[in-house]
Structure formats: structure tokens, C-alpha cells
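What follows is the residue order along each chain.
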Amino acid sequence: MKVVVIGGTGLIGSKVVGKLKDHGHEAVAASPNTGVNTLTGEGLADVLKGASVVVDVSNSPSFAPDAVMEFFRTSTANLLVAEAEAGVTHHVALSIVGTERLEENGYFRAKLAQEGLIKASGIAYSIVHATQFFEFVTAIADSMTEGDTVRCPAAKIQPMYSDDVATAVARTAAGAPLNGTVEIAGPEAFGFKEFLEQGLAPHGDPRKVEADVHAPYFGSELEEASLLPGPDAQIAETRFADWLAQQR
């Protein structure tokens, strides 16, 4: 089976390509680096020839509200039109746990718009909602830093290893379309403060982490469970402590 992975040279996409190839599929990485641009449509028709499945794990180069909305609307619309012309029978997209609860956030609103286009396309689809990745713990802390203090939400997070994300996405791509959404998450829920403290400690980071109910998460105030998966989520195996140990 030929599977085209949009964003296939990035953190998740490259792992998805590798896992699909390991299971005998023809997996093709598609990105601007390989001559495929979903914003302009360049290269789409050629790369989709003979493809049964498209996996979209691409991301906007800008998180500014207008730019991210333009990216997901335009790239997804172009991709879906090209898929219909090529006879693709399964569209898989990676999205975020909690998207529907944080519509005031420009990035989450753009992801909801992307999901709406997919659902209305007439192409069989599967949407994978993942929790935040372990790999972004430092970047999250940086986004919340004021001076020498990380001011984080007084909420919970259930992060996961990018390799486990890729495994779930590849498994979904190889299976029958869900025409719905599946949630995936790490095995443990943490308070934001605990997650960030554990993630920064191995680097000897001197910043102090403080929880504040009004501290924003990329512009949004969170309820305690805003980013937590529901009871039917698929739970990955890799624990945060084990991942941290691998980084040393």
C-alpha cells in the first residue's frame, strides 16, 4: 500500500514513514524539502499518484492566529482536492487533545477548521488527537518564562513520547478509516508544575516553576482537565521518567 506522509521529514512524519516501511508499506515523505508544497499545490498531483492513504502531520511555520488559520485552511483544501483527483481512499490527520475545548486559541481554532474541512470532504478519514510531546517540555517552559520564573497553568497534562505518537498514527494509517476521532496519550497525568520541573531538572536549569491558575498556555487559560484525554483514549507505554533517562 502506498502512503504519502505530508510533513514526512519532520519529527513525527519521519518516524511515521519509518514505521510504515518497517511493516512493508510504500511510505513516501512529502514536504517542501522534497518538492511538495501543500500551500501552493506544487508537486501534489505527482506524489499522490497510486496512493491509497495520505497522512497529514504538517504544521504551520507561524503560530500567529491569522497565519496559522491561513496555513491549515489552504493546505488542507489543496490536499483534499488533490486526493479526490488521485483516488485516495483514506485521509489521516494528526491533531490535538482538547482542541474543541480551546476555541478561543488561534492555533486550536485553526486545527478545528482543518478538521471541519476533512469531515466535509467526502473522503474517508481518521483524526488522531494526541497530547503534548515530551520533546517540547523545554519549549513550553520557555514560552512561560518571566525573568527567572516559569509561570505555568494550575492544570494537568498527560504528555507522550513522539515515537509513541508516530506508532499510533502509522497504525491508524494502515487500518480501516474510522470516519471519526481517536485520542492518544501518555501513561501518566502530571500537574504542569511537576512536568516542567522534572523536564528542566536534568539540564541543571535554574528557573523556578510556579503554578498560577491564570497563567496562559500559548495564550489560553486552562481548566484543570482542558488538555486531558477522555476515558476511551489509547494509552501509550513510555513513561516520562524513562524518556528523561534516555536523554542523559
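What you are looking at is a predicted structure, and each value in this text was computed from that prediction instead of being measured. (Residues numbered from 1 in each chain as written. Predicted model: local features only at pLDDT ≥ 70, side-chain atom pairs only at ≥ 80, totals over all residues. Heavy atoms only, no water.)

Visitor: Summarise unusual backbone geometry; cite the residues concerned and give the values.
Guide: The phi torsion at N179 lies on the positive side, around 45°, for a residue other than glycine. Checked against the element boundaries, N179 lands in the loop between helix 6 (162–174) and strand 9 (180–185). With a phi angle near 50°, F218 is a residue other than glycine that sits in the positive phi range. Checked against the element boundaries, F218 lands in the loop between strand 11 (208–212) and strand 12 (234–235). (Helix = DSSP H or I, 4+ residues; strand = E, 2+ residues; numbered from the N terminus.)

Visitor: So what's going on with the pattern of salt bridges? Which residues, and what values?
Guide: What the rule picks out here adds up to 12 salt bridges. Residues E146 and R151 are paired through a salt bridge, measuring 3.2 Å at the closest nitrogen-oxygen approach. The network of salt bridges with shared partners includes E146, R151, K208 and E210. (Salt bridge = Lys/Arg side-chain N within 4 Å of Asp/Glu carboxyl O.)

Visitor: A description of the sheet that holds strand 11 should follow, citing residues and the corresponding values.
Guide: The strand order across the open sheet built from three strands is 6-7-11, with neighbouring strands paired in mixed fashion. Of all strands in the sheet, those bounded by a partner on one side alone are strand 6 (145–146) and strand 11. (Pairing = 2+ DSSP bridges.)

Visitor: Quick rundown of the nonpolar core? Include the residues and the values.
Guide: Core analysis: the largest hydrophobic core is formed by 25 residues, its most contacted members being V55, L94, V165 and V169. Those elements giving two or more residues to this core turn out to be strand 1 (2–6), helix 1 (11–22), strand 3 (53–56), strand 4 (90–96), strand 5 (125–130), helix 6 and strand 9. Looking at this core element by element, the count peaks at six residues for helix 6. If we skip the residues at most four places from it in the chain, L94 touches I12, D56, V57, K111, V128, A130, F133, V165 and V169. The next biggest cluster of nonpolar side chains, apart from the first, holds 24 residues, and it includes M144, V150, C152 and L222. (Core = buried A, V, L, I, M, F, W, Y, C linked by side-chain atoms within 4.5 Å. Buried < 20%, exposed > 50% of the residue type's maximum accessible area, 1.4 Å probe, protein only. Contact = heavy atoms within 4.5 Å.)

Visitor: Can you break down the side chain of E115 residue by residue, with the values?
Guide: Relative to the assigned elements, E115 resides in helix 4 (residues 106–120). The charged side chain of E115 is buried without a salt bridge, its nearest counter-charge being K119 at 4.2 Å. In this structure, E115 is in contact with S95, T99, I127 and H129, ignoring residues within four places of it in sequence. (Lys, Arg positive; Asp, Glu negative; His and termini not counted.)

Visitor: Can you explain the packing of aromatic side chains? Please cite residues and give values.
Guide: Under the definition given, this model contains 13 aromatic pairs. With a centroid separation of 5.0 Å and an interplanar angle of 55°, the aromatic rings of F63 and Y107 are classed as tilted. On the criterion of sequence distance, the pair formed by F63 in the loop between strand 3 and helix 3 (65–86) and Y107 in helix 4 is long-range, its members being 44 residues apart. A ring pair is formed by F190 and F195, whose centres lie 6.2 Å apart and whose planes are at 35°; its orientation type is tilted. Members of the aromatic cluster, joined through ring pairs, are F63, F71, F72, Y107 and F108. (Phe/Tyr/Trp six-rings, centres within 6.5 Å; stacked < 30°, edge-to-face > 60°.)

No statement about biological role is implied by the geometric values presented.
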